[in-house]
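Inside the fold
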Amino acid sequence: MSTLPGARAVHHIAYTVPDLDQAVSFFVDVIGAELAYRLGPVEDTEGDWMTRKLGVHPNASAQIAMLRLGPVTNLELFEYTSPDQDRRQPRNSDLGGHHFALYVDDVDKAVAYLREVPGVTILGEPETITDGPIAGDRWVYFVTPWGLHMELINMPEGMPFEETTSTRLYLPEENWDAYRPESVDESVNSNPFNRNVIQEFRANGGRVADFGEVPLLLLSTKGRRSGVVRTTPLVHLEHGGRHIVFAANGGADSHPAWYRNLIAAGTGTVELPGERRFLARPEPVPAAEHEELWRLQTAQDPNFAQFRGRTGRDIPVVELVPVG
């Protein structure tokens, strides 16, 4: 029985990140989380609610995202702006230092996957503990592109500490995709917001209320590792009969999954308003054209100016060229 009356489980863990779009993209596209919702700004421009309720500066403001991370974990992410904000990442040895671990079937295989993700740093090589209460534990730390420390771990049943206590650690029994509702078609998109956009796009001839007059297309690409075909809604620029897309990834320091998959596969399927569909190959746009195309893209969607300003990454500009 819980000492805390009515306690059932840990509901969520939360982290403050420097760029919410970047962190959400990483956890959804790289780790496999699902975005449940976003909200904000959370702020009190006239009072001290933020101090009384959240213990931060009264003029602080927060944007929030809640994700489902596997079968038992909810992950809440905050992006704060605050006059007294300390933007230094704590080390694990500092007060407030932290990390969290992901259980994987094969640590070495997971490390090989993460090594290909731009911006991820693996700290050393995986190792197996050979003595003590957790002999048999194989683990390694890694660091996300914005500096959050995480761990990959495989700790099988029958650890030596179990011989001296009846306490057992939670161990997952199946892949975390097993909990997903059967009605969710993961071959469309694992992000609930994107799924809704795709459904509305197809139902309304390409018009999506949240995007107004901003032009969208749907791009379906085959996963370079999973082999699963997934569809991604993209803001695109139609210019001189060409269909131009920008691998902005919300301004994150890594290329989006759709771009990496498109380059690896060599082709993808494009859907345009009016049920127009064609197979396309990616053709990098010459650098001499980039500034003009960025000007046109930001004129139709100002968010792209923010995306470009958030990263030092050379954002690929790609023409989707019909094949055949």
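The structure under discussion appears in the preceding block.
So, here's what we can say about the structure. Just so it is clear, the structure is predicted and the values come from calculations on it, not from any experiment.

Let's talk about the side chain of T311
Looking at the element boundaries, T311 is found in the loop between α7 (303–309) and β14 (317–322). Polar contacts involving the side chain of T311 include one to the side chain of D253, which spans 2.5 Å. Within the structure, T311 has its side chain in polar contact with the backbone nitrogen of R313 (distance 2.9 Å). Not counting residues within four places of it along the chain, the set of residues in contact with T311 comprises G251, A252 and D253.

What to know about the nonpolar core
Residues F26, F27, L77 and L152 are the most contacted members of the largest nonpolar core, which totals 33 residues. For this core, the secondary-structure elements that each account for two or more residues are α1 (20–31), β3 (61–69), β4 (73–81), β5 (100–103), α3 (107–114), β7 (138–143) and β8 (149–154). Of all the elements, α1 adds the most residues to this core, at 8 residues. Grouped together as the second largest cluster of nonpolar side chains are 20 residues, F201, A248, V285 and L296 included.

Considerations on the pairing of strand β10 (residues 229–239)
Note: strand β9 (residues 216–222) against β10, 7 bridges, orientation antiparallel. Among the inter-strand pairings, L216 is bridged to a residue of β10, identified as V235. Bridge analysis of β10 against strand β11 (residues 242–246) gives 4 bridges, and the strand direction is antiparallel. Looking at β11, one finds that L237 is bridged to I244. Where β10 hands over to β11, the hairpin turn is made up of 2 residues, of which G240 adopts a positive phi near 60°.

Quick word on the pairing of strand β13 (residues 276–284)
Relative to β13, strand β12 (residues 268–272) runs antiparallel, the two sharing 5 bridges. By the bridge assignment for β13, E271 is matched with R277. As consecutive antiparallel partners, β12 and β13 are separated by 3 residues, and within that stretch G274 has a phi angle of approximately 85°, a positive value. With 5 bridges connecting them, β13 and β14 associate as antiparallel partners. Residue P282 lies in a different strand from β14, and its bridge partner there is L320.

Brief notes about the pattern of salt bridges
For the structure on display, the rule yields 16 salt bridges. Note that D48 is salt-bridged to R52, the shortest N-O span being 2.8 Å. For D48, a relative accessible area of 39% puts it in the partly exposed group. Looking at R52, the relative accessible area reads 54%, which means it is exposed. D94 is the partner of R91 in a salt bridge, and the nearest nitrogen-oxygen pair spans 2.9 Å. For R91, a relative accessible area of 55% corresponds to the exposed category. Each member of the salt-bridge network shares a partner with another, and the members are D21, R38 and R310.

Cut-off values and rules
Residue numbers run consecutively from 1 along every chain, following the written order of its sequence. Since the coordinates come from a predicted model, pLDDT governs what is reported: local features require at least 70, and pairs of side-chain atoms require 80 or more to be given and counted, while whole-chain, interface and lining totals use all residues. Think of the side-chain values as coming from all heavy atoms in the structure, minus any hydrogens and water. Strands are runs of DSSP state E lasting at least 2 residues, helices are runs of H or I lasting at least 4, and numbering of each runs from the N terminus. Whenever a nitrogen or oxygen atom comes within 3.5 Å of another N or O atom, the pair is scored as a polar contact, on the condition that within protein one atom can donate a hydrogen and the other can accept it, and that pairs from neighbouring residues in sequence are kept only if both atoms are in side chains. In what follows, residue pairs with any heavy atoms lying within 4.5 Å of each other are defined as contacts. Grouping buried Ala, Val, Leu, Ile, Met, Phe, Trp, Tyr and Cys residues that are joined through side-chain atoms within 4.5 Å yields what is termed a nonpolar core. When a residue's accessible area, from a 1.4 Å probe over protein chains only, is under 20% of the maximum for its type it is buried; when over 50% it is exposed; and in between it is partly exposed. Any two strands with at least two DSSP-identified bridges between them are counted as paired. We count a salt bridge whenever a side-chain nitrogen from Lys or Arg sits within 4 Å of a carboxyl oxygen from Asp or Glu.

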